[in-house]
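Report on the structure
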Amino acid sequence: DAGVIQSPRHEVTEMGQEVTLRCKPISGHNSLFWYRQTMMRGLELLIYFNNNVPIDDSGMPEDRFSAKMPNASFSTLKIQPSEPRDSAVYFCASSEGASAYEQYFGPGTRLTVT
Amino acid sequence: LAKTTQPISMDSYEGQEVNITCSHNNIATNDYITWYQQFPSQGPRFIIQGYKTKVTNEVASLFIPADRKSSTLSLPRVSLSDTAVYYCPLTELNQGGKLIFGQGTELSVKP
């Protein structure tokens, strides 16, 4: 298995631009999670899905952030418009389902907003 | 889900046993304790999970006292490659496996 796949691995953009991060979970996994990691705030859960349905988006910082999961094999995290404070590493993780305790993390997308 | 508290950093030498303690005073009945390892420029990787008493797998042991207000990850005979940040997020299984990470413990293993 290829594991969780994220793209792009690195993204540099200017303030005000739209950014879209992509994630392909492990095949057969029913839960998907988006995290953000910064030195100041550590690892933060942004949103998670069970069976493609958003369950908890309380960690999404602002309306500028949105996430979708149109099918079981793909999810996006969009930031529009982006700001310098959004610079972070964004991780996607998946697990076998609501009763699973082990999450498998992707390699992350390092986002830099100038 | 309660956040957890850990020492910010620890030092060790190759071949030693390392014990990292995590405090979770407000742990709920339905919470399970998990431990993850993170290397620089990588996502966290699951190590072990437990509810109470002792759990052991091929890489680590997890000790949980009866009151469950803390837990200890034990790494036997560490090597340089065990240098990483270790996290102990709690998870409530009927909440979809949601994890809340604390600040983690940065373990440095020296030759």
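This text goes with the structure placed above it.
Residues numbered from 1 in each chain as written. Chains lettered and ligands numbered in written order. Predicted model: local features only at pLDDT ≥ 70, side-chain atom pairs only at ≥ 80, totals over all residues. Heavy atoms only, no water.

**Digging into the nonpolar core**
- Of all hydrophobic cores here, the largest spans 21 residues; its most connected members are Trp34(A), Leu77(A) and Tyr90(A).
- Mapped by element, the contributors of at least two residues to this core are strand 3 (19–24), strand 4 (31–38), strand 5 (42–50), strand 7 (65–71), strand 8 (74–79), strand 9 (88–95) and strand 11 (109–113) of chain A.
- Discounting chain neighbours no more than four positions away, the residues touching Leu77(A) are Val19(A), Thr20(A), Leu21(A), Trp34(A), Leu46(A), Met60(A), Ser66(A), Ala67(A) and Tyr90(A).
- Ranked by size, the runner-up nonpolar core spans 20 residues in total, among them Ile20(B), Ile33(B), Ile48(B) and Leu107(B). (Core = buried A, V, L, I, M, F, W, Y, C linked by side-chain atoms within 4.5 Å. Buried < 20%, exposed > 50% of the residue type's maximum accessible area, 1.4 Å probe, protein only. Helix = DSSP H or I, 4+ residues; strand = E, 2+ residues; numbered from the N terminus. Contact = heavy atoms within 4.5 Å.)

**Remarks on the layout of surface pockets**
- Here the largest pocket is characterised by a volume of approximately 710 Å³.
- Contributing to the lining of the largest pocket are 27 residues, with Gln37(A), Met39(A), Gln38(B), Val85(B) and Tyr87(B) lying nearest its centre.
- The element best represented in the lining of the largest pocket is strand 8 (residues 84–87) of chain B, accounting for three residues.
- Along the lines of polarity and charge, the residues of the lining of the largest pocket split into eleven nonpolar, 13 polar and three charged.
- Volume-wise, the second largest pocket comes out at about 190 Å³.
- For the second largest pocket, the lining is made up of 13 residues, of which Phe105(A), Gly43(B), Pro44(B), Arg45(B) and Phe46(B) are closest to its centre.
- Looking at the lining of the second largest pocket, the elements that each hand over two or more residues are strand 10 (104–105) of chain A together with strand 4 (45–50) of chain B.
- Looking at side-chain class alone, the lining of the second largest pocket contains six nonpolar, five polar and two charged residues. (1 Å grid on protein atoms, 1.4 Å probe; cavity = no way out; pocket = protein on both sides within 12 Å on 5 of 7 lines; lining within 4 Å. Points joined across faces, edges and corners; volume = space filled by probe spheres on them. Nonpolar A, V, L, I, M, F, W, Y, C, P; charged D, E, K, R; others polar.)

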